[in-house]
Amino acid sequence: MLRDDINNAVKDAMRAKDERKLSTLRMMNSTIKNADIEARGQGKPPLSDGDLLGVFQKMIKQRQESVELYDKGGRAELADQERAEIAVIQAYLPQQMSEDDVKSAIAATITETGAAGIKDMGKVIAALKAKYAGQMDFGKASGLVKAALTG
């Protein structure tokens, strides 16, 4: 489904002569193909839409890191270019959960999994990733899970 949406958006961007969007969408397609090839090499099927959301989040995180470096280096034009790419990629992600929603999802998942301590953190994170792929930042969520399990 996501692949079709991206391919259709590539055609639309070509018709509209939107070079920034077109290059970002092509880059997304390339990243998807590389991830599929990597999965095939491991004997796995092509990535599902849920897996693709994780790939897109990783792409966004890479660009956010680049924006910080470009801002520090005084390269505003490159930082703006990265921000534009982030906006295109984010259009294919579901709405991000608010911090309160993330905390309540973590509490519910801890209860569901029966997690008792920090040793169960992996189990909780895995359950969250299965349920909320693309909807929360798991880097921040892992800190919240750790705090919930220790405190």
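Keep in mind it's a predicted model, so treat the numbers as computed, not measured. (Residues numbered from 1 in each chain as written. Predicted model: local features only at pLDDT ≥ 70, side-chain atom pairs only at ≥ 80, totals over all residues. Heavy atoms only, no water.)

1. What to know about the overall build of the chain
Here's step 1: The number of helices and strands found in the chain is 7 helices and 0 strands.
Here's step 2: Starting at the N terminus and ending at the C terminus, the chain contains elements arranged as α-α-α-α-α-α-α.
Here's step 3: Based on the C-alpha atoms only, the size of the chain along its principal axes is roughly 55 × 40 × 25 Å.
Here's step 4: Looking at the chain as a whole, 34% of its 151 residues qualify as buried.
Here's step 5: Each charge class in the chain can be summarised by its mean position, and for the 23 positive and 22 negative side chains these summaries are 4 Å apart. (Helix = DSSP H or I, 4+ residues; strand = E, 2+ residues; numbered from the N terminus. Buried < 20%, exposed > 50% of the residue type's maximum accessible area, 1.4 Å probe, protein only. Lys, Arg positive; Asp, Glu negative; His and termini not counted. Charge placed at Lys NZ, Arg CZ, Asp CG, Glu CD.)

2. Some details on the pattern of salt bridges
Here's step 1: Evaluation of the coordinates by the stated rule reveals 11 salt bridges.
Here's step 2: The shortest N-O distance in the salt bridge between Asp71 and Arg83 comes to 2.7 Å. Placement of the pair is Asp71 in helix 3 (residues 49-72) and Arg83 in helix 4 (residues 76-90), with a sequence separation of 12 residues.
Here's step 3: It is possible to trace a salt-bridge network through shared partners that takes in Arg20, Arg63 and Glu85. (Salt bridge = Lys/Arg side-chain N within 4 Å of Asp/Glu carboxyl O.)

3. Some remarks on helix 1 (residues 2-16)
Here's step 1: Taking 1.5 Å per residue, 15 residues should reach 21 Å; helix 1 reaches 21 Å between its end C-alpha atoms and fits that length.
Here's step 2: Within helix 1, burial applies to Leu2, Ile6, Ala9, Val10 and Ala13. Along helix 1, the residues classed as buried sweep out an arc of 110 degrees about the axis, all on the same side.
Here's step 3: Turning to helix 1, the residues buried within the fold contact helix 2 (19-41) and helix 3.
Here's step 4: Lys17 sits one or two positions beyond helix 1 and adopts a positive phi of about 55 degrees. (Expected span 1.5 Å × (residues − 1). Arc of directions from axis to C-beta. Contact = heavy atoms within 4.5 Å.)

4. A short note on the packing of helix 5 (residues 99-113) against helix 6 (residues 121-132)
For any two helices packed against each other, one specifies the inter-axial angle together with the distance between the axes.
Here's step 1: The interhelical angle for the contact between helix 5 and helix 6, taken along N-to-C directions, is 120 degrees, at an axis separation of 9 Å. By the angle between their directions, the pair helix 5 and helix 6 is classed as oblique. As helix 5 runs across helix 6, the sense of the crossing is right-handed. Along the contact surface, helix 5 presents Ala105, Ile106, Thr109, Ile110, Glu112 and Thr113, while helix 6 presents Lys123, Val124, Ala127, Leu128, Lys131 and Tyr132.
Here's step 2: Split by residue class, the contact of helix 5 with helix 6 holds 7 nonpolar, 2 polar and 3 charged. (Axes fitted to C-alpha atoms, helices over the stretch in contact; angles between N-to-C directions. Parallel < 35°, antiparallel > 145°, perpendicular 65-115°, else oblique. Left-handed = near helix turned anticlockwise from the far one by under 90°. Nonpolar A, V, L, I, M, F, W, Y, C, P; charged D, E, K, R; others polar.)

5. Notes on the side chain of Arg63
Here's step 1: Position of Arg63 relative to the elements: it lies in helix 3.
Here's step 2: From its side chain, Arg63 meets the backbone oxygen of Met59 in a polar contact 2.8 Å long. (Polar contact = N/O pair within 3.5 Å; in protein donor to acceptor, adjacent residues only side chain to side chain.)

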